[in-house]
Amino acid sequence: MPSTALAAIAALPIADLKSIFTTDPNRLSKLVLSHGPIRFDWSKTHLTDELMSRYLDLAQDQGFAARRDALFAGEAVNNTEGRAAEHTAERGEGNADSVAQAKTLHNRMRALIDAIEAGALGEIRHILHIGIGGSALGPKLIVDALDGDGVRYDVAIVSNVDGTALERAIEGFDPHTTLIAIASKTFTTSETLLNAASAINWMVEGGVEDPYGRVIALTAAPDKAIEWGVDETRILPFAESVGGRYSLWSSIGFPAALALGWDAFESLLEGAAEMDRHFRLSAPNENIPLIAAFVDQYYSRVMHCQTRALFAYDERLALLPSYLQQLEMESNGKAVQLDGSPVDGPTAAITWGGVGTDAQHAVFQLLHQGTILSPVEFIASIEPGHALDPAHHRALLVNCFAQGAALMRGKDNDADPPRAYPGNRPSTTILLEDVTPHALGALIAFYEHRTFANAVLMGINPFDQFGVELGKEIAKSIEADGAKGFDPSTMALIELALGGD
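Structure report, in brief. Here the structure is a predicted model, which is why all the values come from computation and not from measurement. The residue numbers shown here count from 1 along each chain, following its written sequence. Two thresholds apply to this predicted model, a pLDDT of at least 70 for residue-level local features and 80 or more for giving and counting side-chain atom pairs, whereas whole-chain, interface and lining totals are computed over all residues. Hydrogens and waters are ignored; side-chain quantities use all the structure's heavy atoms.

Moving on, we come to a negative patch on the surface. Only residues whose relative accessible area exceeds 30% and that form no salt bridge are eligible for patches; like-charged ones are grouped when within 9 Å, while nonpolar side chains (Val, Leu, Ile, Met, Phe, Trp, Tyr) are grouped when within 5 Å. With residues, only the protein chains shown are counted as cover, and all accessible areas are computed by Shrake-Rupley using a 1.4 Å probe. Take a side-chain nitrogen of Lys or Arg and a carboxyl oxygen of Asp or Glu: if they are within 4 Å of each other, that pair is a salt bridge. Two residue types count as positive, namely Lys and Arg, and two as negative, namely Asp and Glu; His and chain ends fall outside the count. Just so you know, the charge point we use is NZ for Lys, CZ for Arg, CG for Asp and CD for Glu. Together, Asp 144, Asp 147, Glu 315 and Asp 358 line one region of the surface with negative charge. Inspection of the secondary structure puts Glu 315 in the loop between β8 (307-313) and α14 (320-332). Under the DSSP-based scheme used, a helix requires at least four consecutive residues in state H or I and a strand at least two consecutive residues in state E, with every element numbered from the N terminus.

What follows is the structure in structure tokens.
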């Protein structure tokens, strides 16, 4: 990253949030932007006109426009693996050939869903989706957020290799009316295949004559799925250029498309595509994901905040913090730049969070009065997800808005210091009109592009994830050789829990 740009940003005074609206009466008009059904409010952050100008210069210095164009053109933006990152093509935005291929594969998925709904695989009442990481987090978020819109099947999504997770998932399921979806990009993921084998055994023990006939494979490696035992007609491929944590728009979204209906899945895609077009075509000073990245960069690199907290004031978005943990930390948790040289500062902050008023009574003490500064992001919906007394939703939104105001305003109390609040603590508010498939698609795409914009500003590659490989290699070594050649602590653990050799 250019040191002159960083130095200029770091040299600017830190704004005082308590008086920032007085000193800049036009702040709302500049730092509140709307896109479709979503309103983004950065007015309670330390971003100023001067900072915005400096960050726009930084984006230009870092070649933001060129890297964004390369992303949508299907160029090899994942330079370490020599491949494109074409999740936007799944939404209809990107390289024309890749968009056409994605459309063809979506049509194949829809045809299979139509066949399932017509009874081609017999009676189906339950969907058991098995995956891990991006192969599970995306579908789980979508189904959980939108199940109030009329989920037509019981859906259980299993990722943990702990057998307890699978046992709990299939409890109450009838193996004769269960469809298994196995989601693995490479179809070699050990945790997923172990869970899948156990699910097949459960079907066999339940008296299902042809358990493999009730399996759908969601993969970029169809040959591997065929080797495993899935018939070609029940394999839903997706492109190798679609990364796992960006894959819910592909056939990985099959359980959501089946459970919620194709119209809902198409609406999800279109909401994301609208955000794609905004990100691709908007001027930098009006580009919502880029401005969000400016805020992220300021807090991580200038104010040295190591975490970013996210709180969903809507039960339908309860899984969003978990989804974003993978998206943001696996993408931008890097230590080297595109050319392999060391990054000259912190990269991704630690993403964490929770749900609404529950979190207020658990972690907000630290946010308001603790010595660690963490920018906070609030997400809420104007429309409730229930038909109960409107007082429920009013109380939820009042609490959400009050927390942001309190973090910024603070409260002096020299006479009683334990009851003093320092204030000057930043927050962003993202307000949806409602949690619909369209709005959720746009929201998730916003976070994807924000993650990419952060990577561009830091000069890193957000599309590889080699950091997860070493632990896998060591796990395989333990499976093969037991407690041999490890440090004394690891050897003792293996011998105590696994019996060693």
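Strand pairing is defined by DSSP finding a minimum of two bridges between the two strands. Here we have 5 strands laid out as an open sheet, ordered β4-β3-β5-β6-β7, and parallel in their pairing. This sheet does not close on itself; its edge strands, each paired only once, are β4 (154-158) and β7 (235-237). Across this sheet, the average inter-strand angle for adjacent strands is 15°, counted without regard to direction. Looking at chain direction, strand β5 (residues 178-183) and strand β6 (residues 215-219) are connected through 4 bridges and run parallel. Within β6, the position partnered with Ala 183 by the bridge is Leu 218. Contacts are assigned to residue pairs with any non-hydrogen atoms lying within 4.5 Å of each other. Orientation is described by lines fitted to C-alpha atoms, with helices fitted over the stretch in contact, and by angles between N-to-C directions that extend from 0 to 180 degrees. Helix α6 (residues 96-117) contacts β5, β6 and β7 of the sheet and is inclined by roughly 155° relative to β7. Contacting β3 (126-130) and β4, helix α8 (residues 163-170) runs over the sheet at an angle of about 175° to β4.

Let's shift gears to the sheet that holds strand β9 (residues 350-355). As summarised here, the arrangement of the 6 strands in space is β1-β2-β11-β10-β8-β9, forming an open sheet in which the pairing is mixed. Only two strands of the sheet have a single partner each, and these edge strands are β1 (32-35) and β9. Neighbouring strand axes in the sheet, compared pairwise and without regard to direction, differ in orientation by 15° on average. For β1 and strand β2 (residues 38-41), the ladder comprises 4 bridges, and the chain directions are antiparallel. The residue bridging Val 32 from the neighbouring strand is Asp 41, located in β2. In the packing of helix α18 (residues 437-458) onto the sheet, contacts are made with β2, β8, β10 (376-381) and β11 (427-432), and the angle to β11 comes to roughly 150°.

Attention now moves to the packing of aromatic side chains. Under the pairing criterion, centres of Phe, Tyr and Trp rings, with the six-membered ring standing for Trp, must be within 6.5 Å; the plane angle then separates stacked pairs below 30 degrees from edge-to-face pairs above 60, leaving the rest tilted. This model, assessed by the stated rule, comprises 17 aromatic pairs. Where Phe 64 meets Phe 279, the ring centres are 5.7 Å apart and the plane angle is 75°; that geometry is what we call edge-to-face. Of this pair, Phe 64 sits in helix α5 (residues 64-73) while Phe 279 sits in helix α12 (residues 262-281), placing them 215 residues apart in sequence. For the pair formed by Phe 64 and Phe 279, the shared burial category is buried. Consider the rings of Tyr 298 and Tyr 299, whose centres lie 5.6 Å apart with planes at 75°: the pair is edge-to-face. Like Tyr 298, the residue Tyr 299 is buried in the burial classification. In textbook terms, an aromatic cluster arises when at least three aromatic residues are bridged by ring pairs, as seen for Phe 64, Phe 72, Tyr 246, Phe 279, Phe 452 and Phe 463. Distance and angle both matter: a charge sits over a ring if NZ of Lys or CZ of Arg is within 6 Å of the ring centre and within 35 degrees of the ring normal. If you follow Arg 91 out to its NZ or CZ, it ends over the ring of Trp 249, 4.5 Å from the centre. Summary of the burial criterion: residues with accessible area below 20% of their type's maximum are buried, those above 50% are exposed, and those between are partly exposed, where the area comes from a 1.4 Å probe applied to protein chains only.

Attention now goes to the packing of α5 against α18. One can describe the packing of α5 onto α18 by two numbers: an axis separation of 10 Å at closest approach and a directional angle of 135°. Classified by the interaxial angle, the pair formed by α5 and α18 is oblique. In the crossing of α5 with α18, the sense of the turn from one axis to the other is right-handed. Along its contact with α5, which presents Phe 64, Arg 67, Arg 68, Leu 71 and Phe 72, the element α18 presents His 449, Phe 452, Ala 453, Ala 455 and Val 456. Note on residue classes: Ala, Val, Leu, Ile, Met, Phe, Trp, Tyr, Cys and Pro are nonpolar, Asp, Glu, Lys and Arg are charged, and everything else, Gly too, is polar. Its residues assigned to classes, the contact of α5 with α18 comprises 7 nonpolar, 1 polar and 2 charged. Each angle receives one of four descriptions, namely roughly parallel if under 35 degrees, roughly antiparallel if over 145, roughly perpendicular if within 65 to 115, and oblique otherwise. Put simply, a crossing is left-handed when the front helix is turned counterclockwise from the back one by less than a right angle, and right-handed when it is turned clockwise.

What follows covers the pairing of β8. Burial runs high along β8: 6 of the 7 residues are buried. Direction of pairing for β8 relative to β9: parallel, over a ladder of 6 bridges. Counted as the bridge partner of Phe 311 is Gly 354 from β9. Pairing of β8 with β10 involves 5 bridges; the strand directions are parallel. Across the sheet, Ala 312 pairs through a bridge with Ile 379, a residue of β10.

Contact geometry for helix α4 (residues 49-61) and helix α13 (residues 288-302): axes closest at 11 Å, N-to-C directions at 100°. One way to sum up the angle between α4 and α13 is to call them roughly perpendicular. Contacts between α4 and α13 involve Leu 51, Met 52, Tyr 55, Leu 56 and Ala 59 on the former and, on the latter, Leu 290, Ile 291, Phe 294, Gln 297, Tyr 298 and Val 302. Per-class residue counts for the contact of α4 with α13 are 10 nonpolar, 1 polar and no charged.

Further remarks concern the pattern of salt bridges. Following the criterion strictly, the structure yields 22 salt bridges and no others. Ionic pairing is found between Arg 54 and Glu 50, a salt bridge with its closest N-O pair at 3.1 Å. Separated by 4 residues within a single helix, Arg 54 and Glu 50 lie in helix α4, roughly one turn from each other. Across the salt bridge formed by Asp 464 and Lys 334, the nearest N and O atoms sit 2.8 Å from each other. Taken together, the residues Asp 464 in the loop between α18 and α19 (469-481) and Lys 334 in the loop between α14 and β9 connect sequence positions 130 residues apart. Assigned by exposure class, Asp 464 and Lys 334 land together as buried.

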